[in-house]
Amino acid sequence: QVQLVESGGGLVQPGGSLRLSCAASGFMPYLMNWYRQAPGKEREPVANITWAGGNTKYADSVKGRFTISRDSAKRTAYLQMNSLKSEDTAVYYCRANHIYWGQGTQVTVSS
């Protein structure tokens, strides 16, 4: 029974931090991606990580502010978001193994 469950979204002030989680069950991940989609915009890649080596990649817009990581024992990927800006407001989605999608979690950065 394949599941990919996201959590951790919410409302945060500019400059604040938030950590998103993406927990996999029913399969073994080998690649995890974070995407985001703002209203009226295309879904865009944010970061990804390979399970075996922990190799990471980031979009230029989040480089230096966001960190992707994984806990293999928990089959969970994380996205630590620091120094948040209003431009980071979006629904954030995780994807596993190119084919599985999480349900999305809303991140709103506002005063």
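Remember, predicted model here, so these are calculated numbers, not experimental data.

Criteria and thresholds
Residues numbered from 1 in each chain as written. Predicted model: local features only at pLDDT ≥ 70, side-chain atom pairs only at ≥ 80, totals over all residues. Heavy atoms only, no water. Pairing = 2+ DSSP bridges. Helix = DSSP H or I, 4+ residues; strand = E, 2+ residues; numbered from the N terminus. Axes fitted to C-alpha atoms, helices over the stretch in contact; angles between N-to-C directions. Core = buried A, V, L, I, M, F, W, Y, C linked by side-chain atoms within 4.5 Å. Buried < 20%, exposed > 50% of the residue type's maximum accessible area, 1.4 Å probe, protein only. Contact = heavy atoms within 4.5 Å. Salt bridge = Lys/Arg side-chain N within 4 Å of Asp/Glu carboxyl O. Disulfide = S-S within 2.5 Å.

Draft legend 1. Inspection of the sheet that holds strand β8 (residues 76–81) at higher detail. Pairing is antiparallel across the open sheet formed by four strands, whose spatial order is β1-β3-β8-β7. Looking at which strands have only one partner, the edges of the open sheet turn out to be β1 (3–7) and β7 (66–71). Neighbouring strand axes in the sheet, compared pairwise and without regard to direction, differ in orientation by 15° on average. Two strands pair when backbone bridges link them, and strand β3 (residues 18–25) and β8 are joined in this way by six bridges, in the antiparallel orientation.

Draft legend 2. Quick peek at the nonpolar core. Within the largest apolar cluster, 26 residues are counted, with the highest numbers of intra-cluster contacts made by Trp34, Leu79, Met81 and Tyr92. Where this core is concerned, the elements lending two or more residues are β3, β4 (31–37), β5 (44–50), β7, β8, β9 (90–96) and β11 (105–109). Sequence-distant contacts of Leu79, that is, excluding residues within four places in its chain, are made with Leu18, Arg19, Leu20, Trp34, Val46, Ala47, Phe66, Thr67, Ile68 and Tyr92.

Draft legend 3. Region of interest: the pattern of salt bridges. Following the criterion strictly, the structure yields four salt bridges and no others. One salt bridge in this structure joins Arg36 and Glu44, with 2.8 Å as the shortest N-O distance. Its relative accessible area of 34% is what places Glu44 among the partly exposed residues. Ionic contacts of the salt-bridge type, sharing partners, join the residues Arg36, Glu44, Arg65 and Asp88 into one network.

Draft legend 4. Spatial organisation of the state of the cysteines. A full pass over the atoms with the stated rule returns one disulfide. At a sulfur-sulfur separation of 2.0 Å, the disulfide partner of Cys22 is Cys94. Residues Cys22 and Cys94 share a disulfide whose torsion about the S-S bond is about 65°; that sign makes it right-handed. One end of the pair, Cys22, is in strand β3; the other, Cys94, is in strand β9, and 72 residues separate them in sequence. A relative accessible area of 0% places Cys22 in the buried class. Overall, Cys94 belongs to the buried group, its relative accessible area being 1%.

Draft legend 5. Region of the structure containing the environment of Arg36. By the secondary structure assignment, Arg36 is in strand β4. Residue classification places Arg36 among the buried positions, given a relative accessible area of 6%. Taking the C-alpha atoms as reference points, Arg36 and Phe66, separated by 30 residues in sequence, lie 13 Å from one another. Apart from the residues within four sequence positions on either side, Arg36 is in contact with Glu42, Arg43, Glu44, Val46, Ser61, Val62, Phe66, Glu87, Asp88, Ala90, Val91 and Tyr92.

Shape descriptors only; they carry no functional weight alone.
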